[in-house]
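Coordinates in review
Below are the chains, spelled out letter by letter.
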Amino acid sequence: MKFGYFDPKNKEYVITNPKTPTSWVNYLGTADYCLIISNNASGYSFYKSPKLGRVTRFRFNSIPMDRPGRYVYIKDEKTKDFWSISWQPVAKSLESFKSICRHGLGYSIFESSYDSITSSLKIFVPIDKPIEIWEVRVKNESNEVKELSLFTYTEFCLWNSMLDMMDFQYILYTCRMGYNHEDEIIDYSIKLWSPYEPKAFFTCTNKKIESFDTDRDVFIGAYNDESRPEAIVQGKCFGSIAIGGNPCAATQVKFSLLPGQEEYIVFILGIGDAYKEGKEYKKLFADKENIQKEFEKVQNYWAERLSKLSCSTPNENMNLMINIWNQYQCHTTFNWSRSASFIEAGGRDGLGFRDSCQDILGVVHSIPQEVRKRLIELLKAQLSEGYAMHHFQPLTWTQGEHNIPPRDRIYSDDHLWLLISVPHYIKETGDFSILDEVVEYADEGSATVFEHLKAALEFSWNHRGKHGLLLGLAADWNDCINLRNGGESTWSTQLYFKALTEFIELCEYLGKTEDAEKYKQYRDEIRKALEEYTWDGEWFVRGYLASGKKLGSKESEQTKIFLNSQSWSVFSGAFVDEKGKTAMDSVKKYLATEHGCVKNWPAYVDYIIEVGAVTSFPPGLKENAAIFCHANTWVIIAEAILGRGEYAFEYYMSFLPANKNDIAEIYTAEPYVYSQFITGKEHPYYFGRARNPWLTGTATWAFTAATQYILGVRPHYKGLIIDPCIPSGWDGFEFERVFRGRKLSIKVSNPDHISKGVKKISVNGKEIVGNLIPVEMLDEENVVEVVMGK
Ligand code: GLC
């Protein structure tokens, strides 16, 4: 069953049935002001920090679901009937109420048609202004004059999102609402202990405000809800001023419409003082042209970001995802890490170290300067011993102040991701200068980035266990495998192998032979330990428990095989051989399903303290035997490295959100972005149901897997590698990319219908040797012809 469709021309997802199984959301805003909005106009906004700068409220995981939001109600003054432009909250019967929501890049539009009135509400956030703009259009499609009232409503949050949800005896007595009567602007201010006083405003820029409310409980009325606010029932707001209590911004605007006539009304909500910024913005956005200009800037912003890479393959859903939605999601994860969504309520602000390290892979081709800044921020969260803060807040950063983890909260993998992200950044940009930049450590001292990378490698070298594998510490990539007290992680060891390989490659490129030799010795030792202690006959074990028992082995009780230690055996480069192949065959045999590969099998049923939190979830959910999408991306990469194009593509297709559009009643989450997980086959009821959309490392890695391993266009220090691994049925594909400021149009043909292998590459008519296009060869614009073959 479908709830909507993709509109590639307008780069929109269009929801035609508003009764989606979950809230299908969009992210508006980019820099300081962000608004998360659902297909029924619910959601919240925040300024700078979703934890400490929450502007409007959302009641997470509540009943009725999906409330509150930004609502525009229309009331017919003659019939007294009223509805909302978004289907919710009034929720007229869908037989008489037509509703559409268009989620676009940086904007959402709600359209409705009811009782001969058509209306729309378009919401967006200008690129460089901390405000949101609501453009409303109402048209009379009947033959008679309509007398209408428009009511707007949004509920403010009391800035500190956690207190706002918890400590009512205190927080409810901090707000001081007011009304700038001269300019007709609602004034929102609260006093908290923070060094500045948060202020916001709400107003209509081009019509007289007939009445207003700033006290939620007055506007809504006792025992009512947003579907039936008292003020709308009565036909007039009460002029309430909340000094303490629950603040809101509600306004009423009145007009009449002749048959065929349309009215255009603009509301703005923003950060600042109602007597200053509010006044200025009101004036600025009384002019429609200024609004249009801001909207164009939003469109250009996204067009520019998405213009650096695109593909045209025989698979339309792949094209849709890569060219539009996957990239859009990558930027969203880069911007907001894991802090603000309908799932992440915002209590955990700032950046996850490993998450942000990975998030850069999906955007570095598009915004390299911003990535460089982010990398430096991440390096500042590394400690001089080499490990990293698991989670930190650069917005309020002061050296050493935040979250220096106690020893038992050190993660086995966080710091090692730097060895993926920094080389990745340099390969993309050619900016080796970053290696010489001196960056302070979070605790004490400073060092060049090159030394930071070494410190990370040394920390892991010094934290190996009995079998010479890396200690699992608080957790590895899998937050819920907690091998404390000496347990060892195969996966972290594989990541370490990859990190060492990256560093060796970098040292060799830079001519630092001594370093290269030293870390080759480390790598040989690591390889030996992996060979000796992790092969289980048909697959690789996931590690060793503190008790010495194997984790994820034929011998194990409960889960016998894990996904990551198979995919990473190949992806790390440690086992691109028969063992790696056998391990990946076991993935196919034991873990693959039509919705993707489950993360472990069989699922844990009973809690095992020395394995960790993974054993606490019911089978098929989250880290316990769900199809964890992030981990599925590495399966694609491993198969591509092995040259098995059919498998790589089949896996890619199995969890591609766009492929779930027609079974949205089963999948339930947004079909335009990746979710963290899809419920696994061992769940008794919900196999195939997706949860935790948007903020997931799946975005960055699915993009990397598809573009760099299936389509095979991969940056290298020296240039661009062309190494596709595609379904043999394909005749070829096209790929456009900007690489270090040069444009490449790559046309790949596959006359022999193979999966992998490049026979011939010509750049601007000149044939090259091998499959690496040297960067020196590139002009401003380049035509690259690639012929696959043996
Ligand atoms: C979540 C976390 C990520 C972790 C993964 C697996 O996606 O954000 O950091 O690696 O779960 O546990």
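Analysis parameters
- Residues numbered from 1 in each chain as written.
- Predicted model: local features only at pLDDT ≥ 70, side-chain atom pairs only at ≥ 80, totals over all residues.
- Heavy atoms only, no water.
- Near = heavy atom within 4 Å.
- Areas by Shrake-Rupley, 256 points an atom, 1.4 Å probe, with all protein chains shown as cover.
- Nonpolar A, V, L, I, M, F, W, Y, C, P; charged D, E, K, R; others polar.
- Domains from an automatic or database assignment.
- Helix = DSSP H or I, 4+ residues; strand = E, 2+ residues; numbered from the N terminus.
- Contact = heavy atoms within 4.5 Å.
- Pairing = 2+ DSSP bridges.
- Buried < 20%, exposed > 50% of the residue type's maximum accessible area, 1.4 Å probe, protein only.
- Salt bridge = Lys/Arg side-chain N within 4 Å of Asp/Glu carboxyl O.
- Phe/Tyr/Trp six-rings, centres within 6.5 Å; stacked < 30°, edge-to-face > 60°.

As named in an unreviewed UniProt entry, the chain is Glycosyltransferase 36, taken from Caldicellulosiruptor acetigenus.

Topic: the site of the ligand
Around the ligand, the neighbouring residues are Arg338, Arg354, Asp355, Trp477, Asn478, Asp479, Glu623, Phe628 and Gln676. Protein contacts shield 94% of the accessible area of the ligand, which totals 310 Å² for the unbound molecule. Classifying every residue of the shell around the ligand gives two nonpolar, two polar and five charged. Viewed by domain, the shell around the ligand spans two of them, domain 2 (352-533) and domain 3 (543-701), each represented by three or more residues.

Quick notes on the side chain of Lys427
Assignment of secondary structure puts Lys427 in helix H10 (residues 418-429). When neighbours within four sequence positions are excluded, Lys427 is seen to be in contact with Glu502, Glu505, Pro715, His716, Tyr717, Phe739 and Arg740.

Notes on the sheet that holds strand S26 (residues 543-544)
The sheet built from three strands is open, its strands ordered S25-S26-S27 with antiparallel pairing. Strand pairing shows two members of the sheet lacking a second neighbour, strand S25 (488-489) and strand S27 (550-551), which therefore form its edges. Where S25 meets S26, two bridges bridge the pair, whose relative direction is antiparallel. Bridging across to S26, Glu488 finds its partner in Tyr544.

Thoughts on the side chain of Asp355
Within the fold, Asp355 resides in helix H8 (residues 353-359). Judged by its relative accessible area of 17%, Asp355 is buried. Setting aside anything within four residues of it in sequence, one finds Asp355 in contact with Ser337 and Arg338.

Re helix H17 (residues 645-654)
Counting buried positions over the 10 residues of H17 gives seven, a clear majority of the element. Turning to H17, its buried residues number three or more, namely Gly645, Ala648, Phe649, Tyr651, Tyr652, Met653 and Ser654. Of the surrounding secondary structure, the elements contacted by the buried residues of H17 are helix H7 (316-336), helix H15 (578-591), strand S29 (592-593), strand S30 (596-597), helix H16 (629-642) and helix H19 (698-710).

A word on the pattern of salt bridges
According to the stated counting rule, one finds 62 salt bridges in the structure shown. The partner of Glu385 in a salt bridge is Arg407, and the shortest N-O contact between them spans 2.8 Å. One end of the pair, Glu385, is in the loop between helix H9 (368-380) and strand S22 (391-392); the other, Arg407, is in the loop between S22 and H10, with 22 residues separating them in the sequence. Given the relative accessible area of 37%, Glu385 is considered partly exposed. Each member of the salt-bridge network shares a partner with another, and the members are Arg57, Arg59, Arg67, Glu155, Asp164, Arg216, Asp217, Asp225 and Glu226.

A closer look at unusual backbone geometry
Look at the link from Gln88 to Pro89: it is a cis peptide, with omega at 5°. As for its placement among the helices and strands, Pro89 is situated in the loop between strand S8 (82-84) and strand S9 (98-104). Residue Pro602 follows Trp601 across a cis peptide bond; omega there is -15°. Note on placement: Pro602 falls in the loop between strand S31 (600-601) and strand S32 (627-628).

Examining the packing of aromatic side chains
Inspection of every chain in the model, using the stated rule, returns 63 aromatic pairs. Aromatic pair Phe6 and Tyr13: ring centres 4.9 Å apart, planes at 80°, arrangement edge-to-face. Take Phe6 and Tyr13: they sit in the same class, and that class is buried. With a centroid separation of 6.2 Å and 65° between ring planes, the pair formed by Trp730 and Phe733 is classed as edge-to-face.

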